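# Fold and geometry: a report
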Amino acid sequence: MITQLNHLPEGLLNLSADQLHTKLDNHTLVHLQGKIKRPVFISILQHGDEYTGWDALKDYLNNHQHILPRSLSILFGNVQAARYNVRQLDEQPDFNRSWPSHLKLDCPIATTMHEITDIMKLHKPFASVDIHNNSGRNPHYSGINSLDPQFLNLASLFSDTMIYFTSPYGIQSGAFAQFCPSVTVECGLSGTSDGTEQTHTFLELLLSQSNLIQVPGILEHQKVYKIFATVKIKANIDYSFIQHDHEFILVNDLDFLNFHQIETGEEFGQLNQQLTQQKTMPLVVTDESDNDVTSTYFTIAGNKVVCNKSFVPAMITQNIQAIRHDCLCYIMQPISAPIS
Ligand SMILES: [Zn+2]
């Protein structure tokens with residue numbers, strides 16, 4: 001059963017993300033009434049160490065203590081993981097891969113996410129916003145699952161840089177895209193003030209919109225990228241970013257390549273002698289239908305793993321745990337989106 005509240009617990013706005021667990025359970029849904037009844041749904045802390053969403057929302061709510069311009073439904077995701085400043089606890093699945101999709105997941109978290117989706121569908125949200133942080137250096141960008149103008153307008157309120165993607169499955173914005181304009185916003189590294197300020201500004205703008213069909217003047221500088229593939233490191237490969245005794249040494253500062261068009265031949269890492277001799281490709285690249293497309297994008301040249309094609313990488317992270325849990329990066333190409 002989901003805990004639903006129609007007010008914030010006393011003193012909540014004085015707490016940091018790692019203290020929320022003292023007042024709330026995971027997946028608490030708080031409905032706050034505003035002047036316009038149709039709510040904006042805001043999801044924060046699906047990943048416990050990504051707390052910019054809470055910091056920005058707290059600033060927003062402190063600014064609007066008297067009355068909100070529009071109702072808000074706030075989902076507090078993984079406050080238990082936030083307590084320890086980790087993405088998720090060891091026994092937990094990735095919350096943002098557990099939302100309803102055509103993949104029918106059979107686990108308690110998936111049931112919970114289904115319940116939340118069903119509840120919110122009845123509220124007919126004006127828009128849905130899921131707030132995240134990255135572990136690597138990226139511009140702040142928004143992610144959408146549809147090129148519908150309302151989705152583009154919503155995403156543009158946060159950033160001119162937008163990513164259009166249709167996988168991974170089971171993400172919150174994908175589930176809500178079935179019934180309202182939905183966006184995932186990626187606010188850079190957790191806790192940085194520029195990310196918090198940009199997110200706060202976004203909330204101010206969004207909550208003051210009367211519709212998302214016409215938002216004047218925001219589509220002029222937009223850049224939309226489409227994700228074509230996901231890059232992972234094979235599970236049996238021992239890797240690191242440090243020159244040491246590992247099978248695969250990734251290029252240090254690789255995340256500087258994020259959102260830059262890189263050319264054929266760009267190096268991603270070096271193989272040790274054994275893997276070089278065996279010509280073992282440590283990366284595995286899959287497209288949106290889960291086909292193996294590794295050889296389209298990467299090849300081995302001598303002892304180096306290099307790109308086989310020009311593309312734009314995103315979300316390259318140097319966090320070893322994030323690579324294991326999620327992926328090394330995504331492969332994108334710029335696309336032209338319809339201008340409304
Ligand atoms: Zn996240």
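Rules and cut-offs
- Residues numbered from 1 in each chain as written.
- Predicted model: local features only at pLDDT ≥ 70, side-chain atom pairs only at ≥ 80, totals over all residues.
- Heavy atoms only, no water.
- Helix = DSSP H or I, 4+ residues; strand = E, 2+ residues; numbered from the N terminus.
- Rg over C-alpha atoms; globule rule 2.2 N^0.38 Å.
- Buried < 20%, exposed > 50% of the residue type's maximum accessible area, 1.4 Å probe, protein only.
- Contact = heavy atoms within 4.5 Å.
- Areas by Shrake-Rupley, 256 points an atom, 1.4 Å probe, with all protein chains shown as cover.
- Salt bridge = Lys/Arg side-chain N within 4 Å of Asp/Glu carboxyl O.
- Phe/Tyr/Trp six-rings, centres within 6.5 Å; stacked < 30°, edge-to-face > 60°.
- Axes fitted to C-alpha atoms, helices over the stretch in contact; angles between N-to-C directions.
- Parallel < 35°, antiparallel > 145°, perpendicular 65-115°, else oblique.
- Left-handed = near helix turned anticlockwise from the far one by under 90°.

A few words now on the overall build of the chain. A count of helices and strands for the chain gives nine helices and 17 strands. Its C-alpha radius of gyration of 21 Å places the chain within 12% of the 20 Å reference for a compact globule of 340 residues. Judged by the C-alpha coordinates and their principal axes, the chain covers about 65 × 45 × 40 Å. The 340 residues of the chain split such that 55% are buried. Of the contacts formed within the chain by residues at least 6 apart in sequence, a portion of 74% connects residues at least 24 apart. Summed over all atoms, the accessible surface of the chain reaches about 15200 Å², with 49% contributed by carbon and sulfur.

Now for the pattern of salt bridges. Under the definition given, this model contains five salt bridges. Between Glu288 and Lys226 there is a salt bridge, and its shortest N-O distance comes to 3.4 Å. Linking Glu288 in the loop between strand S13 (283–287) and helix H8 (294–297) with Lys226 in strand S9 (residues 223–233), this pair joins segments that are 62 residues apart in sequence. Side by side, Glu288 and Lys226 carry an identical accessibility label, which is buried.

Below, the discussion takes up the packing of aromatic side chains. Applying the stated criterion across every chain yields a total of 11 aromatic pairs. On the basis of an interplanar angle of 80° and a centroid distance of 5.5 Å, the ring pair of Phe158 and Phe202 is categorised as edge-to-face. Within this pair, whereas Phe158 is found in the loop between helix H4 (149–156) and strand S7 (161–164), its partner Phe202 is found in helix H6 (residues 193–207), the two being separated by 44 residues in sequence. For Phe158, a relative accessible area of 5% puts it in the buried group. Overall, Phe202 belongs to the buried group, its relative accessible area being 1%. With centroids separated by 4.9 Å and ring planes inclined at 70°, the aromatic side chains of Phe268 and Phe298 adopt a geometry described as edge-to-face. Of this pair, Phe268 sits in strand S12 (residues 267–271) while Phe298 sits in strand S14 (residues 298–301), and the two are 30 residues apart along the sequence. You can call Phe268 buried: its relative accessible area is 0%.

Taken N-terminus to C-terminus, the directions of helix H1 (residues 52–63) and H6 make an angle of 50°; their axes are 8 Å apart at the nearest point. Considered as vectors, H1 and H6 are oriented oblique to each other. Handedness of the crossing formed by H1 with H6: right-handed. Taking contact as the criterion, the partners of Thr52, Asp55, Ala56, Leu57, Asp59, Tyr60 and Asn63 in H1 are, on H6, Gly195, Thr196, Thr199, His200, Leu203, Glu204 and Leu207.

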